[in-house]
Each structure stands twice: as C-alpha cells, then as structure tokens.
Amino acid sequence: MVKRWLLLAFLLSLALVWAQAPDPAQFGFPQVKASLIVQPWDYLRLGLGSMVLTVPSGAFGQDPARLEILLGDPNQWQAYAPKGQKVLLAFALRVTNLKTGQRILGFAQPLHFAFYGPAITPEAQYLDVTFTNPPNVSPNPVKPTIQVFPLGPRHQNGRLSHPIAGAGVGWLVTAP
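Below: a short report on this structure. The structure displayed is predicted, hence computed values, not measured ones. Counting restarts for each chain, with residues numbered from 1 along the sequence as it is written. Residues qualify for local features only when their pLDDT is at least 70, as the model is predicted, and side-chain atom pairs are given and counted only at 80 or more; totals for whole chains, interfaces and linings, by contrast, use all residues. Water and hydrogen atoms play no part in the side-chain values, which are based on all heavy atoms of the structure.

1. Overview of the overall build of the protein
So, point 1. A run of H or I in DSSP becomes a helix once it reaches four residues, and a run of E becomes a strand once it reaches two; helices and strands are each numbered from the N terminus. From N to C terminus, the protein includes two helices and eleven strands.
So, point 2. Burial status follows relative accessibility: with a 1.4 Å probe on protein chains alone, a residue under 20% of its type maximum counts as buried, one over 50% as exposed, and anything between as partly exposed. Relative to its 176 residues, the protein shows a buried fraction of 41%.
So, point 3. We call two residues contacting when some pair of their heavy atoms lies within 4.5 Å. The long-range fraction of contacts in the protein, counting pairs at least 24 apart against all pairs at least 6 apart in sequence, stands at 70%.
So, point 4. With the model as given, the accessible surface of the protein reaches about 9,900 Å², and the carbon-plus-sulfur share is 59%. To measure how exposed things are, a 1.4 Å probe is used in the Shrake-Rupley method; for residues, cover is taken only from the protein chains shown.

2. Description of the environment of P176
So, point 1. Here P176 is to be found in the segment after β11 (170-175).
So, point 2. Overall, P176 belongs to the exposed group, its relative accessible area being 56%.
So, point 3. Through-space distance from the C-alpha of P176 to that of G84 is 5.7 Å; in sequence the pair is 92 residues apart.
So, point 4. The contact partners of P176, leaving out residues within four places of it in the chain, are G84, Q85, T121, E123 and A124.

3. Quick word on the sheet that holds strand β5 (residues 86-97)
So, point 1. Read from one edge to the other, the open sheet built from six strands follows the order β1-β4-β5-β11-β7-β8, with strand pairing classed as antiparallel. Strand pairing shows two members of the sheet lacking a second neighbour, β1 (31-38) and β8 (137-139), which therefore form its edges. Averaged over all neighbouring strand pairs, the angle between strand axes comes to 25°, with direction disregarded.
So, point 2. Pairing between β1 and strand β4 (residues 65-71): seven bridges, direction antiparallel. By definition, two strands form a pair when at least two bridges between them are found by DSSP. Note on geometry: axes are lines fitted to C-alpha atoms, helical ones only across the stretch in contact, with angles between N-to-C directions running from 0 to 180 degrees.

4. Description of the pairing of strand β3 (residues 51-55)
So, point 1. In terms of residue burial, β3 counts as a mostly covered element, since five of its five residues are buried.
So, point 2. On β3, burial covers both faces: M51, L53 and V55 on one face and V52 and T54 on the other are all buried.

5. Looking at the nonpolar core
So, point 1. Membership of the largest hydrophobic core comes to 32 residues, with the highest contact counts inside it found for F60, L93, F113 and I164.
So, point 2. For this core, the secondary structure elements donating two or more residues are β1, β2 (44-48), β3, β4, β5, β6 (106-117), β10 (156-166) and β11.
So, point 3. As used in this record, nonpolar core signifies buried Ala, Val, Leu, Ile, Met, Phe, Trp, Tyr and Cys residues forming a set joined through side-chain atoms within 4.5 Å. A81, A92, L127 and L172 belong to the second-largest nonpolar core, a separate cluster that totals eleven residues.

6. Some details on the environment of P118
So, point 1. Among the secondary structure elements, P118 is positioned in the loop between β6 and β7 (125-129).
So, point 2. In this structure P118 touches Q156, N157 and G158, once residues within four positions along its chain are discounted.

7. Considerations on the packing of aromatic side chains
So, point 1. Stacked, edge-to-face and tilted labels apply to pairs of Phe, Tyr and Trp rings (six-membered ring for Trp) whose centres lie within 6.5 Å, assigned for plane angles under 30 degrees, over 60, and everything in between, in that order. Under the defined criterion, the tally for this structure stands at nine aromatic pairs.
So, point 2. Summarising the aromatic geometry, the rings of F91 and F113 are spaced 4.6 Å apart at their centres and angled 20° between planes, so their arrangement reads as stacked. Taken together, the residues span a long stretch of sequence, with F91 in strand β5 and F113 in strand β6 at a distance of 22 residues.
So, point 3. Since its relative accessible area comes to 0%, F91 is described here as buried.
So, point 4. Judged by its relative accessible area of 0%, F113 falls in the buried class.
So, point 5. Each member of the aromatic cluster is reached from another via a ring pair, and the members are F27, F29, W77, Y80 and F131.

8. Focus: the side chain of T96
So, point 1. Examined against the element boundaries, T96 turns out to sit in strand β5.
So, point 2. Apart from the residues within four sequence positions on either side, T96 is in contact with P64, A65, R66, G101, Q102, R103 and I104.

9. Quick word on the pattern of salt bridges
Pairing between side chains of opposite charge can happen when their charged atoms approach one another.
So, point 1. Any Lys or Arg side-chain nitrogen located within 4 Å of an Asp or Glu carboxyl oxygen qualifies as a salt bridge. Applying the stated criterion across every chain, the model contains four salt bridges.
So, point 2. Put simply, R103 and D23 hold a salt bridge, and the shortest N to O gap is 3.5 Å. Highlighted residues: R103 in the loop between β5 and β6 and D23 in the loop between α1 (2-20) and β1, separated in sequence by 80 residues.
So, point 3. The closest approach of N and O atoms between D63 and K99, which form a salt bridge, is 3.6 Å. Here K99 lies in the loop between β5 and β6 and D63 lies in the loop between β3 and β4, a separation of 36 residues in the sequence.
So, point 4. When salt bridges with common partners are traced through the structure, they connect D23, E68, R94 and R103 into a single cluster.

The structure is reproduced here in structure tokens:
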C-alpha cells in the first residue's frame, strides 16, 4: 500500500513539473535553431544571424544543461503584433538540467539577448509570449535597450538588447 502511495505521489509530482514547464515547440516555436550542452563554468556568446545570445558562467546553476534556441515563423506571429509593427523575430528558449531531466525556467544569472538590423529603430518592441492557446502577447515589463548606429546618409543599423532571466515565456521582436 505504501509503495502505491509513493508511486502515486511521484507520478503527481512529475505531472506538476511537466505542467509547470510547457514545451515552447508546442506553442509556436517549433524550429530548433541551436542545441548545445552548457557546463556550469562555460561563458558562451552565440551568434545566430541577426541574433546574439550571451550565456554567463553559472547561468543555469551547478549542473550541466542543454540550451535550445527555438524559432517561430514571424509571419504566423504577425497577427499578435501591435498595430503598425512587423514581427522580425519569434524565439523561445528551452533549457533542461541534464542531471535531473527537469526544465530550468528561472536562471541563476541572466542571459543577454541582442538583435541587430536596419529595421531596429527607437520604436522597436520586445514582447513576451505566453505558452498558452491562444497565446497572450504583451510588452516585457523591462524596456529593451535600443541603439541606432548611422552607417551613411541613408543607411543605419540598430541593436535591440534585453536581459533574459528565465525561459517561462517566448519573445517577439517587432519594429515599424
């Protein structure tokens, strides 16, 4: 009888863990753009096209973790963009502790995200996307840092950057 209760308690706790950690791939971010093993002592700077993600040492705690960067189709997310804004990037992170197999939703050290491109202007936005159906899209409570660099009389390049403290939501980068 005790074994049954222990098994039931274990299965319920497992269900709660998975219920608290929805898979971004099932909520509009199906493409795994990068997947790598991060050791606690690693400091990484990943350049993926216009996106740069910096992972400080100890970001995921004391155990090795698998970091996956998932992308969504910007065209499919366009319906959720604020009026007058175009979705430039739709992405999410999936981080798994390799010792426990559990998802890491909050980071010990924030990651640093940056997106570069000529479409980035002071009106660009960094939006949170909930892993729900339908998703809720809203401005991140921390405003992004936006810099615009002139490249010539008619050309510019911009950078939108933002810290990432956890993987409980996905994100959209939009610009007019």
